[in-house]
Each structure stands twice: as structure tokens, then as C-alpha cells.
Amino acid sequence: FFFKQKTAYEMRESDWSSDVCSSDLRPRPVFQDPVAFVIAGNRPAPQESQLKAKISYHMAMTRITRGEGDAQDWTEIANSVNLSLVLAEMGYGVEYVPQLVKAQGAMILLRDRLKGGGRMVCRADEMAALNEALALHDEQLELAPLRDIERAVRHVEQQMAKGNFVTLERIKGKQTGLTALAS
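Every chain's residues receive numbers from 1 upward, in the order its sequence appears when written. Only residues with pLDDT of at least 70 get local features here, since the model is predicted, and only at 80 or more are side-chain atom pairs given and counted; chain-wide, interface and lining totals rely on the full set of residues. Values reported for side chains reflect all heavy atoms of the structure, with hydrogen atoms and water molecules removed beforehand.

Q: How would you summarise helix α5 (residues 97-115) if you had to cite specific residues and measurements?
A: Secondary structure elements follow DSSP: runs of H or I no shorter than four residues count as helices, runs of E no shorter than two count as strands, and numbering proceeds from the N terminus. A helix is expected to span 1.5 Å for every residue after the first. The end-to-end C-alpha distance of α5 is 27 Å, a good match for the 27 Å that 19 residues give at a rise of 1.5 Å each. Note on exposure labels: buried denotes an accessible area under 20% of the residue type's maximum, exposed denotes more than 50%, and partly exposed covers the range between, all computed with a 1.4 Å probe on protein chains only. Inspection of α5 places V97, L100, A103, Q104, A106, M107, L110 and R111 among the buried residues, and these make up the whole buried set. All buried residues of α5 lie within an arc of 165° about the axis, which places them on one face of the element. Note on α5: the residue one or two positions beyond its end, G117, has a positive phi of about 85°. An arc is given here, and it is the one of the directions from the helix axis to the C-beta atoms.

Pasting the structure below:
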């Protein structure tokens, strides 16, 4: 069945006809197509954004693997691992949470090496954990709707501000931003 939704003008017109003073009227949000509004939240992240994010964190991993990584590369990987963990907890790969926790542990070890003035070089087990986390993150970006990715990004940013996720805050004296797919 079909029904016609009233426009804002029709809604105001009906209010005027019921002796309501027009100065008391406030505009109300009107969804022209509520079904399209709901469906829009279930669309995947744009492929261009997915590709840009994937290239960014895979290039950072490549530089770290070669022993050329820096704090920016570390931050890119840490943000991806943190986001992957939140998406897993939201149901996109919940069975991989233990592997993601291992990847966070690897990031902490790399951070400690960086803080100590050493080179950021991964051991084999750290590299395996990080590669597995990034492979999962690739899949999550393709599966999760944009709405859930945006929600996960906000959650990661909030948790980083509280100090609950792996960050470089103690190294640089400032918190780095999250590479947001939502933008």
C-alpha cells in the first residue's frame, strides 16, 4: 500500500486551520522518503574511501616491516587495529578479538621500542599478528555499513581520549587523530 506523507506546508496549513497562531509554529523535520533515509545508513563505505584507507595502513605496515617506519606509520596501524577491535566487538569478526588483542600487544611493544629511541622493527610473531589484524580490517571495511563504521570511529576517538586504547600520546605529548573513513 502507498500513503502520501504531508509536506511541511501542508502540516502548517492544517495547524492554521485549527486556530493555532502562526508565530507559535516551529518547523518540524520531515523525511521526504523515510525508507531511503534508513537504507542510506546501511550502505557500505564508498569504495574510494575504503581503498584510500587500505593503501594508507598497508603502506605504513610495509615501511614498518622494512625498518623505515616512524611515529606516523605507527599511528596509522594503531588506529586501524583499534578500529578493527571495535568493529569486531560490534559483531564484524567477533571470533577474532583474541588476535586483535595480540596485535594491540604488538603495537605496545613497537611503541616501547620507539620511545626508547630504538628502531621500529617487528619480530616475526608481531608482524604475523599485525598482518592478520589488517587483513581482518580489510574485510570489515567491505562488510560493515557506513553507519557502523562511523559509530566505531567515534567510539575509538572517545576511548583514545580517555586513554583506553593504544596511542602515541606519551611519546609526542599530543594525541593523534584517527584516519576516519566517515569523512
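Q: Break down the environment of A152 for me, with residues and values.
A: Topologically, A152 is positioned in helix α7 (residues 146-162). Classification of A152 as buried rests on a relative accessible area of 0%. For the pair formed by A152 and L83, sequence separation is 69 residues and the distance between their alpha carbons is 6.4 Å. Two residues qualify as a contact provided that any one of their heavy atoms is within 4.5 Å of a heavy atom in the partner residue. Once residues lying within four places of it in the same chain are set aside, the contact partners of A152 are L83, V86, L87 and M90.

Q: An account of helix α4 (residues 71-89) is needed here, citing residue identities and associated values.
A: Between its terminal C-alpha atoms α4 stretches 27 Å, which fits the 27 Å expected from 19 residues at 1.5 Å a residue. Counted residue by residue, α4 has 17 buried out of 19 residues, so it is predominantly covered. Measuring from the side-chain oxygen of the N-cap residue of α4 to the backbone nitrogen of Q72 gives 3.1 Å; that N-cap residue is D70. Positioned one or two residues after α4, G91 has a phi angle of 115°, which is positive. Any N or O atom pair separated by 3.5 Å or less is treated as a polar contact, with the protein-specific requirement of one donor-capable and one acceptor-capable atom, and with residues adjacent in sequence counted only for side-chain atom pairs.

Q: So, a nonpolar patch on the surface: which residues are in play, and what are the values?
A: Exposure above 30% relative accessible area and no salt bridge define the residues that can form patches, which grow by joining like charges within 9 Å and nonpolar side chains of Val, Leu, Ile, Met, Phe, Trp and Tyr within 5 Å. Method for areas: the Shrake-Rupley scheme with a 1.4 Å probe, in which residue coverage is limited to the protein chains shown. Whenever a carboxyl oxygen of Asp or Glu lies within 4 Å of a side-chain nitrogen of Lys or Arg, that contact is scored as a salt bridge. Residues L51, I55 and M59 make up a contiguous nonpolar surface patch of roughly 290 Å² in combined accessible area. Here I55 is to be found in helix α3 (residues 47-65).

Q: Lay out the side chain of D73 in plain terms, naming residues and giving numbers.
A: Relative to the assigned elements, D73 resides in helix α4. For D73, a relative accessible area of 4% gives the class buried. The contact partners of D73, leaving out residues within four places of it in the chain, are A60, R63, I64 and E68.

Q: Pulling in residues and values, what's your account of the pattern of salt bridges?
A: Under the counting rule described, the total for this entry stands at eight salt bridges. Among the ionic pairs, D125 bridges to R123, the shortest N-O distance being 3.0 Å. The class of D125 is partly exposed, set by a relative accessible area of 48%. For R123, a relative accessible area of 43% corresponds to the partly exposed category. Two residues, R123 and E126, come together in a salt bridge whose shortest N-O distance is 3.5 Å.

Q: Before we move on, can you summarise the side chain of D138 with the specific residues and values?
A: Residue placement: D138 occurs in helix α6 (residues 124-143). With no salt bridge to any partner, buried D138 finds its closest opposite charge in K54, at an N-O distance of 5.0 Å. Two residue types count as positive, namely Lys and Arg, and two as negative, namely Asp and Glu; His and chain ends fall outside the count.

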